[in-house]
Amino acid sequence: MTRKLTMRWHLRQLMAAKAMFATTDLVDPLHERGIEISRQMVHRIVTKPPQRINTDLLAALCDILDCTPSDLLELHVEQQRQAPAVNDSGPGIGDLRPVRARVRRPDGTTE
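In this text, all values refer to a predicted model and were calculated from it rather than measured experimentally.

Please explain the overall build of the chain as it appears in this structure.
Looking only at helices and strands, the chain has five helices and two strands in total. Counting from the amino terminus, the chain carries its helices and strands in the arrangement β-α-α-α-α-α-β. A total of 111 residues make up the chain; the buried ones form 22% of that total. Of the contacts made within the chain by residues no fewer than 6 positions apart, 63% connect residues no fewer than 24 positions apart.

I keep staring at the nonpolar core and nothing clicks. Help me out?
One recurring pattern in soluble globular proteins is that nonpolar side chains are buried together. One finds L11, L26, L30, L61, L65 and L72 to be the most contacted residues of the largest nonpolar core, which totals 20 residues. Examining the composition of this core, we find that seven residues originate from one element, helix α4 (residues 55-65), more than from any other. Ignoring any residue separated from it by four or fewer positions in sequence, one finds L11 in contact with L26, I45, V46, L61, L65 and L72.

Before we go on, may I ask you to explain the layout of surface pockets in this structure?
Considered as a void within the structure, the largest pocket measures approximately 260 Å³ in volume. Every residue lining the largest pocket is counted, 13 residues in all, and those nearest its centre are M41, I45, P50, R52 and L57. A per-element tally of the lining of the largest pocket places helix α3 (residues 39-47) first, with three residues. Taken together, the residues of the lining of the largest pocket break down into eight nonpolar, one polar and four charged. Residues belonging to the lining of the second largest pocket are distributed by class as follows: six nonpolar, one polar and one charged.

Is there a simple way to think about α4 in this case?
Each full turn of the α-helix corresponds to 3.6 residues, which orients residues three or four apart in the same direction. Of the residues making up α4, those classed as buried are L57, L58, A60, L61, C62, I64 and L65. The inward-facing, buried residues of α4 contact β1 (2-9), α1 (11-17), α2 (27-32), α3 and α5 (69-72). The backbone nitrogen of D56 lies 2.6 Å from a side-chain oxygen of the residue at the head of α4, namely N54.

Explain the pattern of salt bridges to me, please; I cannot follow it from the model alone.
Side chains carrying opposite charge are able to pair once their charged atoms draw close together. Under the defined criterion, the tally for this structure stands at two salt bridges. With its nearest N and O atoms 2.6 Å apart, the salt bridge here joins R33 to D63. You can see R33 sitting in the loop between α2 and α3 and its partner D63 sitting in helix α4, a full 30 residues away along the chain. We classify D63 as partly exposed; its relative accessible area is 48%. Connected through shared salt-bridge partners, E32, R33 and D63 make up one network.

Just to check I follow, could you spell out the environment of I45 for this structure?
Locating I45 in the fold gives a position in helix α3. Here the alpha-carbon distance between I45 and T23, two residues 22 residues apart in the chain, equals 9.0 Å. If sequence neighbours within four positions are ignored, I45 has contacts with W9, L11, I37, L57 and L61.

Conventions we followed
- Residues numbered from 1 in each chain as written.
- Predicted model: local features only at pLDDT ≥ 70, side-chain atom pairs only at ≥ 80, totals over all residues.
- Heavy atoms only, no water.
- Helix = DSSP H or I, 4+ residues; strand = E, 2+ residues; numbered from the N terminus.
- Buried < 20%, exposed > 50% of the residue type's maximum accessible area, 1.4 Å probe, protein only.
- Contact = heavy atoms within 4.5 Å.
- Core = buried A, V, L, I, M, F, W, Y, C linked by side-chain atoms within 4.5 Å.
- 1 Å grid on protein atoms, 1.4 Å probe; cavity = no way out; pocket = protein on both sides within 12 Å on 5 of 7 lines; lining within 4 Å.
- Points joined across faces, edges and corners; volume = space filled by probe spheres on them.
- Nonpolar A, V, L, I, M, F, W, Y, C, P; charged D, E, K, R; others polar.
- Polar contact = N/O pair within 3.5 Å; in protein donor to acceptor, adjacent residues only side chain to side chain.
- Salt bridge = Lys/Arg side-chain N within 4 Å of Asp/Glu carboxyl O.

Now the structure itself:
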């Protein structure tokens, strides 16, 4: 078993709790706090978990939504089984097992 760590992004839920249902509802509050990002970028950070986030933007979001960074970001741990290696003498498809190919010359002899 291996552990896979992911971050869950709860911006959309926190916005809904503050009656902010449109992504553009964040544009003016962010502007008031000195964060200048386009409407398209605001849409991206609301609808998809960001791969990276500026700490100034994170602080502004926490101020706007009256929350902490741990409210926005949640560490999620998943236990994953390691896939077995291919051709490890494990089961095939039902009772079928792979058969080694034989190369035959036109005269009928094998290599």
